[in-house]
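Chain residues, written in single-letter form:
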Amino acid sequence: MVLNGRALAKKVFLSLREELDQSESKPGLAVVLIGEDPASQVYVSRKHKRAARLGFYQETHRLPVDTSQADLLSMVDRLNRDERIHGILVQLPLPKHIDSDRVLEAIAPHKDVDGFHPYNAGLLSQGRGFMIPCTAKGVIELLKEGDIPLSGKSAVVIGRSNIVGRPVAQLLEQNNCTVTVCHSRTQDLPALLQEADIVVAAIGRPSYVKAEWLKKGAVVVDVGINRLDDGSLCGDVDYEAATKIASAITPVPGGVGPMTIAMLMQNTYLSWKRSQMES
């Protein structure tokens, strides 16, 4: 079975649009991009277009690469105070002269639709997550859409980043999986994968996970997206070979990627709904 992220993302967008068509006010999303990184330009453009299609109020701020940290923090502060804005996303990575942690911490937690603020990370760790990192949230939604049993299953997460690996591991554990987090210092990764019912690969290494490492019938979620020399894209898992072993697998592209944007829009919507209830 292929876990189709594009199809599920369309369902999420349709649901949001139906909700918003019945409301006079709209969610507001602000995206801030510094510099000319081509990949970031593409991601920001996709987020901008999707927000516009859903009818969000949206702003995209494109700043030069030499923008100072003080100026960026000033912009974040302005967006924090702007009642039209319910979600703030500062596109990563930032230039080296800017402290990413300082900028992410400056975003008001209730507008932190990326879910990266320490406050939101703390709530997630306690099982009370509201603003959950979009990619991690998308992984769980894909598994649920595929009717993949989670409770009691053994899961291996390859990668321990605060953006994907850690939050995915926490969400799987909160769904009653027994979770092992692997990383560059892990010894005998293939042996661990042989025992895993669910594998989430998020390390950014093309086709690193081999089919022969997988347990027969495992569910494989490939978060990686890597561009090869010929311009084609591939994930962190050897997809063609893995399809012969896995009972369910995400493609690259078309798997987790579309869900990341869908969950960003959903988080912005949730932030807006909360503001409506509190006003």
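Residues numbered from 1 in each chain as written. Predicted model: local features only at pLDDT ≥ 70, side-chain atom pairs only at ≥ 80, totals over all residues. Heavy atoms only, no water.

A. Examining the pairing of strand β2 (residues 57-63) more closely. One ladder, built from seven bridges, connects strand β1 (residues 28-34) with β2; its direction is parallel. For Leu 33, the partnering residue across the bridge sits in β2 and is Arg 62. Assessed by its sense of winding, the connection that carries the chain from β1 through helix α2 (residues 38-54) to β2 is right-handed. (Pairing = 2+ DSSP bridges. Helix = DSSP H or I, 4+ residues; strand = E, 2+ residues; numbered from the N terminus. Right-handed = clockwise from strand over helix to strand, strands pointing away.)

B. Examining helix α3 (residues 69-81) more closely. Under the 1.5 Å per step criterion, the end-to-end length of α3 is 19 Å for 13 residues, consistent within 8% with the ideal 18 Å. Looking at α3, one finds that the buried residues are Leu 72, Leu 73, Met 75, Val 76, Leu 79 and Asn 80. Looking straight down α3, one finds its buried side chains confined to an arc of 155 degrees; they lie on one side. Seen from the open side of α3, the exposed residues pointing more than 90 degrees away from its buried face are Ala 70, Asp 71 and Arg 81. Looking at the buried positions of α3, the neighbouring elements they touch are β1, β2, β3 (87-90) and α4 (100-106). (Expected span 1.5 Å × (residues − 1). Buried < 20%, exposed > 50% of the residue type's maximum accessible area, 1.4 Å probe, protein only. Arc of directions from axis to C-beta. Contact = heavy atoms within 4.5 Å.)

C. Fine view of the pairing of strand β5 (residues 178-182). Examined bridge by bridge, strand β4 (residues 154-158) and β5 share five bridges and lie parallel to one another. Of the residues in β5, the one forming a bridge with Val 157 is Val 181. One crossover worth recording links β4 to the parallel β5 by way of helix α7 (residues 165-174), and it is right-handed.

D. Main features of the sheet that holds β4. The five strands are arranged β5-β4-β6-β7-β10 in an open sheet whose pairing can be described as parallel. At either end of the open sheet lies a strand with only one pairing partner, and these are β5 and β10 (248-249). Strand contacts of α7: β4, β5 and β6 (198-201), with the helix running at about 170 degrees to β4, the strand carrying the most contacts. (Axes fitted to C-alpha atoms, helices over the stretch in contact; angles between N-to-C directions.)

E. Region of interest: the side chain of Asp 236. Here Asp 236 lies in the loop between β9 (233-234) and α9 (239-242). Although Asp 236 is buried, it makes no salt bridge; Arg 205 carries the closest opposite charge, 7.9 Å away. Contact partners of Asp 236, with chain neighbours within four places excluded, come to Ala 201, Ala 202, Ile 203, Gly 204, Arg 205, Pro 206, Ser 207, Tyr 208, Val 209, Asp 222, Gly 224 and Asn 226. (Lys, Arg positive; Asp, Glu negative; His and termini not counted. Salt bridge = Lys/Arg side-chain N within 4 Å of Asp/Glu carboxyl O.)

F. Broad picture of the state of the cysteines. Across all of its chains, the model carries zero disulfides by this definition. In this structure Cys 182 is a free cysteine whose sulfur lies 14 Å from that of Cys 177, the closest cysteine sulfur available. The buried category is assigned to Cys 182, whose relative accessible area is 1%. (Disulfide = S-S within 2.5 Å.)

G. Main features of the nonpolar core. Counting 51 residues, the largest nonpolar core has Leu 143, Leu 172, Val 200 and Met 265 as its most contacted members. With nine residues, the top contributor of residues to this core is helix α10 (residues 256-278). Residues in contact with Leu 172, not counting those within four places in the same chain, are Ile 140, Leu 143, Leu 150, Ala 155, Val 157, Cys 177, Val 179 and Val 200. Within the second largest apolar cluster, 18 residues are counted, among which are Val 76, Leu 79, Ile 85 and Ile 107. (Core = buried A, V, L, I, M, F, W, Y, C linked by side-chain atoms within 4.5 Å.)

H. Inspection of the packing of aromatic side chains at higher detail. All told, the structure shown has two aromatic pairs when counted by the stated rule. Between Tyr 208 and Trp 213, the aromatic rings sit 5.6 Å apart at their centres with planes inclined by 80 degrees, giving edge-to-face as the arrangement. When the ring of Tyr 269 is compared with that of Trp 272, the centres are 5.6 Å apart and the planes differ by 50 degrees; the resulting orientation is tilted. With Tyr 269 and Trp 272 both in helix α10 and three residues apart, the pair spans about one turn of that helix. Trp 272 sits in the buried class, given a relative accessible area of 3%. Directly above the aromatic system of Phe 13 lies the positively charged group of Arg 50, at a separation of 3.9 Å from the ring centroid. (Phe/Tyr/Trp six-rings, centres within 6.5 Å; stacked < 30°, edge-to-face > 60°. Lys NZ or Arg CZ within 6 Å of the ring centre and 35° of its normal.)

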